[in-house]
Amino acid sequence: MAKLLIVEARFYDHLNDMLIAGARAAIKAAGHTSDTVTVPGALEIPAAIALADQSGLYDGYVAIGVVIRGETYHFEIVAGESARGIMAMTMDGMAIGNGILTVENEEQALVRADPAQKDKGGEAAKAALALMKLRERFA
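How each quantity is defined
Residues numbered from 1 in each chain as written. Predicted model: local features only at pLDDT ≥ 70, side-chain atom pairs only at ≥ 80, totals over all residues. Heavy atoms only, no water. Phe/Tyr/Trp six-rings, centres within 6.5 Å; stacked < 30°, edge-to-face > 60°. Buried < 20%, exposed > 50% of the residue type's maximum accessible area, 1.4 Å probe, protein only. Helix = DSSP H or I, 4+ residues; strand = E, 2+ residues; numbered from the N terminus. Arc of directions from axis to C-beta. Contact = heavy atoms within 4.5 Å. Salt bridge = Lys/Arg side-chain N within 4 Å of Asp/Glu carboxyl O.

S.K.: Would you explain the packing of aromatic side chains in this entry?
M.R.: Here the distance between the centres and the angle between the planes together describe a pair of aromatic rings. What the rule picks out here adds up to two aromatic pairs. The interplanar angle of 75° and the centroid separation of 5.0 Å between the aromatic rings of Phe 11 and Tyr 12 together place this pair among those described as edge-to-face. The class of Tyr 12 is partly exposed, set by a relative accessible area of 22%.

S.K.: Just to check I follow, could you spell out helix H2 (residues 45-55) for this structure?
M.R.: Owing to its 3.6 residues per turn, the α-helix aligns residues three or four sequence positions apart on the same side. What H2 keeps buried is the set Ile 45, Pro 46, Ala 48, Ile 49 and Ala 52. Along the axis of H2, the buried residues cluster in a sector spanning 160°; they form a single face. Facing away from the buried side of H2, by more than 90 degrees, are the exposed residues Leu 51 and Gln 54. Contact partners of the buried residues in H2: strand E1 (3-9), strand E2 (33-39), strand E3 (60-68), helix H3 (74-91) and strand E4 (96-103). Within two residues after H2, Gly 56 carries a phi angle of roughly 75°, on the positive side.

S.K.: For this particular structure, what's the right way to read the pattern of salt bridges?
M.R.: Side chains that differ in charge, positive against negative, can pair when their charged atoms come close. Under the defined criterion, the tally for this structure stands at eight salt bridges. Where Glu 8 meets Arg 10, a salt bridge forms, and the shortest distance between an N and an O atom there is 3.0 Å. Across the salt bridge formed by Arg 10 and Asp 17, the nearest N and O atoms sit 2.5 Å from each other. Arg 10 gets classed as partly exposed once you look at its relative accessible area, which sits at 27%. Put simply, Glu 8, Arg 10, Asp 13 and Asp 17 are held in one network by salt bridges that share partners.

Following this line, the structure appears as structure tokens:
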């Protein structure tokens, strides 16, 4: 049994609750367990995962958050840099599923977050689990 850490940037509570529910359900269905930690924003997710990985307590990670386009360039920075940070760690062999939604509006986020619709939280957990299996295979 593996243990995963769900790292959430809790900004849109109702959307995050759905993403986390999907992630937890996918992890449980695969026979594994999870913990959850909260960080202020999506930019802090890669740092939290890096810190957690140093502990050796977790086999994989699920990044959860929602970034909705606003009126400023901030959306591009947050979306791009959080994804870049996660990708850099996966290139170093960490098993991370990226469930950070980057959307134009809340309606798009609702469809993607809802476990009964697109279930992006569940998909991110499944991606982390798949990477864990690959890492084990190639070890």
